[in-house]
Amino acid sequence: AAFEPSISVRLSTLSEDFTAEGIQLTSAVRAQELIPAPSPIAALLEIPTGELILRLERLRSSEDGPVALLFNYVRRDLCPGIEDVDFVHRRLFDYLETDCRLVISHGRRTFNAAAAPKAVAEALQVRPSTPIMYLEQITYLSDHRPVEYSDVWIHPERMRISALLPRL
C-alpha cells in the first residue's frame, strides 16, 4: 500500500513524515556540489544569478524501492560550509536549524502531475513519461527570506498526498 502523509498541512520533510509513521527510509546522496545559481532559482531564492548555492540530489527509498527523488538548492550565504555536510546521515532541515541556527517558519508547496523525465524515471524505476507527482517547494525563514528551493519527484504508487482541512 502507498504511504499517505498529510504533507499539505504543516511544513515537514518526507523523512520526518515517514519516521512519524514508523517507516524507515534510506537516503542515497547522488550529487552534492556548489553551483552558480541559475537565473530562475536565483530569483526564487532572492539572490544574484551566479551566486554559489548548494545543489543536493538525494534518492529516498523504502523497503519497497525508490519513493522520491529530491533536488534541493540551498543558499550558502546563510550557512557557509554546508557543502561539506554528510547528508547521508544528516537531515537538511535539521542541519539548517541546529548547526546554522536558522529559524524555518513556513514554506510554499506547489503540486503538479508531470511526465517523468528519463533520468527521474530511471531513478524511481518507472517507465519514461509515466505520470508522476511533482512537487516544488520554497522554504522561508522567520524573517521571510527564502533559504531553500526544492524539486521533488514522487513515485506514483509508493506515496500519495492527503490533507485534512478544517472548515473555518
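Counting from 1, residues in each chain are numbered in the order their sequence is written. Restriction of local features to residues with pLDDT of at least 70 applies here, the model being predicted, together with a cutoff of 80 or more for giving and counting side-chain atom pairs; totals for whole chains, interfaces and linings are based on all residues. Neither water nor hydrogens contribute to the side-chain values; these are computed over all heavy atoms in the structure.

Trainee: Can you walk me through the overall build of the protein in this structure?
Mentor: Put simply, DSSP H or I for four residues or longer makes a helix, DSSP E for two residues or longer makes a strand, and each gets a number counted from the N terminus. Looking only at helices and strands, the protein features four helices and six strands. What makes two residues a contact is simply this: any of their non-hydrogen atoms within 4.5 Å. At a minimum sequence separation of 6, the contacts of the protein that also span at least 24 residues come to 61%. Shrake-Rupley sampling with a 1.4 Å probe provides the accessible areas, and residues are treated as covered by the protein chains on show and by no other component. Summed over all atoms, the accessible surface of the protein reaches about 8,900 Å², with 50% contributed by carbon and sulfur.

Trainee: What is the right way to read the state of the cysteines from this model?
Mentor: Disulfides are covalent bonds that connect the sulfur atoms of two cysteines. Cysteine sulfur atoms that come within 2.5 Å of each other are treated as a disulfide pair. Scanning the model with the defined rule gives one disulfide in all. The disulfide partner of Cys79 is Cys100, and the gap between their sulfur atoms is 1.6 Å. Taken together, the residues span a long stretch of sequence, with Cys79 in the loop between β3 (65-75) and α3 (92-98) and Cys100 in the loop between α3 and β4 (104-115) at a distance of 21 residues.

Trainee: Explanation requested: the packing of aromatic side chains in the structure shown.
Mentor: The relation between two aromatic rings is expressed through the spacing of the ring centres and the mutual angle of the planes. Two aromatic rings from Phe, Tyr or Trp, using only the six-membered ring of Trp, form a pair when their centres are within 6.5 Å; if the ring planes differ by under 30 degrees the pair is stacked, by over 60 it is edge-to-face, and anything between is tilted. Tallied over the full model, the rule gives three aromatic pairs. Ring geometry for Phe87 and Tyr95: centres 6.0 Å apart, planes at 85 degrees, overall edge-to-face. Neither residue differs from the other here; Phe87 and Tyr95 are each classed as buried. An angle of 35 degrees between the planes, with centres 4.4 Å apart, marks the rings of Tyr134 and Trp153 as tilted. Placement of the pair is Tyr134 in strand β5 (residues 131-141) and Trp153 in strand β6 (residues 146-154), with a sequence separation of 19 residues. For Tyr134, a relative accessible area of 13% puts it in the buried group. Here the term buried applies to any residue with accessible area under 20% of the maximum for its type, exposed to any over 50%, and partly exposed to those in between, with areas from a 1.4 Å probe on protein chains only.

Trainee: Can you help me understand the environment of Ala121 in this one?
Mentor: Structurally, Ala121 can be placed in helix α4 (residues 118-124). Its relative accessible area of 0% is what places Ala121 among the buried residues. Along the chain, Ala121 and Ile132 lie eleven residues apart, while their C-alpha atoms are 9.0 Å from each other. In this structure, Ala121 is in contact with Ala116, Val126, Arg127 and Pro128, ignoring residues within four places of it in sequence.

Trainee: Before we go on, may I ask you to explain the sheet that holds β6 in this structure?
Mentor: By definition, the strands of a sheet pair up through backbone hydrogen bonds, in either a parallel or an antiparallel sense. One bridge is not enough; two strands pair if DSSP finds at least two bridges between them. Taking strand neighbours across the sheet as the criterion, the six strands line up as β1-β2-β3-β6-β5-β4 in an open arrangement whose pairing is antiparallel. The sheet is open, and its two edges are formed by β1 (26-36) and β4, each paired on a single side. Between one strand axis and the next, the sheet turns through 15 degrees on average, direction left out of account. Across eleven bridges, β4 lies against β5 in antiparallel orientation. The residue of β5 that forms the bridge with Thr110 is Glu136. Here an angle of 0 to 180 degrees is reported between the N-to-C directions of two axes, which are lines fitted to C-alpha atoms, with helices fitted over the stretch in contact.

Trainee: Help me understand the side chain of His155, please; the structure alone is not making it clear to me.
Mentor: Checked against the element boundaries, His155 lands in the segment after β6. Classification of His155 as buried rests on a relative accessible area of 3%. With sequence-adjacent residues up to four places away left out, His155 is seen in contact with Pro66, Val67, Leu124, Gln125 and Val126.

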